[in-house]
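# Breakdown of the fold
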Amino acid sequence: MRHSILLSVCLIGTVGLAACQKSSDAEVDRAIKDVNVIDSTNLNQVMLTAADPNEAVAYFQRSLGQDPDRLEFKRGLAVSLVRAKRPVEAVSAWQRVIDDPNSEAADRVEMADALIRSNEWDKAEAQLNQVPPTFETFKRYRLEAMIADSNKDWDKADSFYQTAVGLTTQPAGVLNNWGYSKLTRGDFAGAERLFGDALRQDQKLFTAKNNLVLARGAQRKYDLPLIPMSQVERAQLLHTLGLSAIKQNDIVTGKGLLKDAIETHPQHFEAAVRSLDALEANVSN
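Residues numbered from 1 in each chain as written. Predicted model: local features only at pLDDT ≥ 70, side-chain atom pairs only at ≥ 80, totals over all residues. Heavy atoms only, no water.

Check the secondary structure of the chain and you find 14 helices and zero strands. Traced from its N-terminal end to its C-terminal end, the chain shows the element sequence α-α-α-α-α-α-α-α-α-α-α-α-α-α. Buried positions account for 39% of the 285 residues belonging to the chain. If you take every contact in the chain between residues at least 6 apart in sequence, the share linking residues at least 24 apart comes to 46%. For the chain, the accessible surface area stands at approximately 16600 Å², while carbon and sulfur atoms represent 53% of it. (Helix = DSSP H or I, 4+ residues; strand = E, 2+ residues; numbered from the N terminus. Buried < 20%, exposed > 50% of the residue type's maximum accessible area, 1.4 Å probe, protein only. Contact = heavy atoms within 4.5 Å. Areas by Shrake-Rupley, 256 points an atom, 1.4 Å probe, with all protein chains shown as cover.)

Listed below in structure tokens is the structure:
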């Protein structure tokens, strides 16, 4: 009888030990899985920000090969294709994302961005029309403004640009875009103001400096604005201003500005030299 009791106790102990062991193994497996998820998430973020775009594309393609239903891999591939300047492929990748039942409104905005990069403006507009009006982000309104520009719906464009400016702490880029919109529609004074606003936000934005000179040149203001510029930038802006003067048929002024650009540049300024040679050849003929 005593042996039976002892055997029962041993069996219970053995079963209990096995149960504990199984429980412990399961917890270890869960812990390892959690660590892998964390590591994967960190690696995904590195690939989306710091990695070479084409390397990131290859990484997310491999990841999708192993786990084709994982939404974060689909998104990662789509984002990486845009970063790699492969917009046509990015459109297909974003389509896979928005077809996923767990996709979000932000994904449709990104799809519209990829479509614009692929010059599919009508399709981009159709995507944005499906985004709920309550989804208000800087990127959504910046894209809305660009589409309104392409449709020459200036009132809408101005409204969307204004909203976008209010939704970002770094508005220099969108102010520059807004200024360029004004420039293309012939509102040169309005464009000049917006390019100036852009440069107050980011003094290093050379595109805005060049656009500012274009807006001033269109108004026959042939002096350089008082903005920070390097010697090379000064030469480039003088070149832009000279071409603008020639376009206005102010040939003598334009010629002088091109000569100033060549003299100002610390190295040989091939573009300005070609412009001046072409001008002088045209005048002599």
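This brings us to the packing of aromatic side chains. Counted by the stated rule, this structure contains three aromatic pairs. Each ring, one from Tyr59 and one from Phe60, has its centre 4.9 Å from the other, and the planes form 70°; the classification is edge-to-face. Judged by relative accessible area, Tyr59 falls into the buried class, the value being 10%. The buried category is assigned to Phe60, whose relative accessible area is 0%. Judged by centre distance (5.9 Å) and plane angle (15°), the rings of Tyr161 and Trp178 are stacked. In this pair, Tyr161 is assigned in helix 8 (residues 154–166) and Trp178 in helix 9 (residues 172–184), connecting sequence segments 17 residues apart. Here Tyr161 matches Trp178 in class, with each residue buried. Cation over ring: Arg140 sits above Tyr141, and NZ or CZ is 5.6 Å from the ring centre. (Phe/Tyr/Trp six-rings, centres within 6.5 Å; stacked < 30°, edge-to-face > 60°. Lys NZ or Arg CZ within 6 Å of the ring centre and 35° of its normal.)

Quick look at the pattern of salt bridges now. Side-chain pairing between opposite charges can occur once the charged atoms of the two side chains come close. Counted by the stated rule, this structure contains 20 salt bridges. The salt bridge involving Arg185 is made with Asp158; its shortest N-O contact spans 2.9 Å. Here the residue Arg185 occupies a position in the loop between helix 9 and helix 10 (188–201), and Asp158 occupies one in helix 8, the gap between them amounting to 27 residues. (Salt bridge = Lys/Arg side-chain N within 4 Å of Asp/Glu carboxyl O.)

Right, let's talk about the environment of Ile246 for a bit. Mapped onto the elements, Ile246 comes out in helix 12 (residues 231–247). The exposure class assigned to Ile246 is partly exposed, which follows from its relative accessible area of 22%. Those residues in contact with Ile246, other than ones at most four positions away along the chain, are Ile251, Gly254, Leu258 and Leu279.

Before going further, it helps to examine the side chain of Asp107. Examined against the element boundaries, Asp107 turns out to sit in helix 5 (residues 105–117). Residues within four places of Asp107 in sequence aside, it is in contact with Arg75, Trp94, Val97 and Ile98.

Take unusual backbone geometry next. For residues that are not glycine, phi is negative in most cases, and the peptide bond is trans in most cases. Despite not being glycine, Asn119 shows a phi value in the positive range, around 65°. Position of Asn119 among the secondary structure elements: in the loop between helix 5 and helix 6 (121–129). The exposure class of Asn119 is exposed, given its relative accessible area of 57%.

Turning our eyes to something else, we now look at the packing of helix 7 (residues 138–150) against helix 8. Two numbers describe how helix 7 lies on helix 8: the axes approach to 8 Å, and their chain directions differ by 160°. Classified by the interaxial angle, the pair formed by helix 7 and helix 8 is roughly antiparallel. Crossing of helix 7 over helix 8 shows left-handed handedness. Across the interface between the two elements, Phe138, Tyr141, Arg142, Glu144, Ala145, Met146, Ala148 and Asp149 from helix 7 touch Trp154, Lys156, Ala157, Phe160, Tyr161, Thr163 and Ala164 from helix 8. Grouping the constituent residues of the contact of helix 7 with helix 8 by class yields ten nonpolar, one polar and four charged. (Axes fitted to C-alpha atoms, helices over the stretch in contact; angles between N-to-C directions. Parallel < 35°, antiparallel > 145°, perpendicular 65-115°, else oblique. Left-handed = near helix turned anticlockwise from the far one by under 90°. Nonpolar A, V, L, I, M, F, W, Y, C, P; charged D, E, K, R; others polar.)

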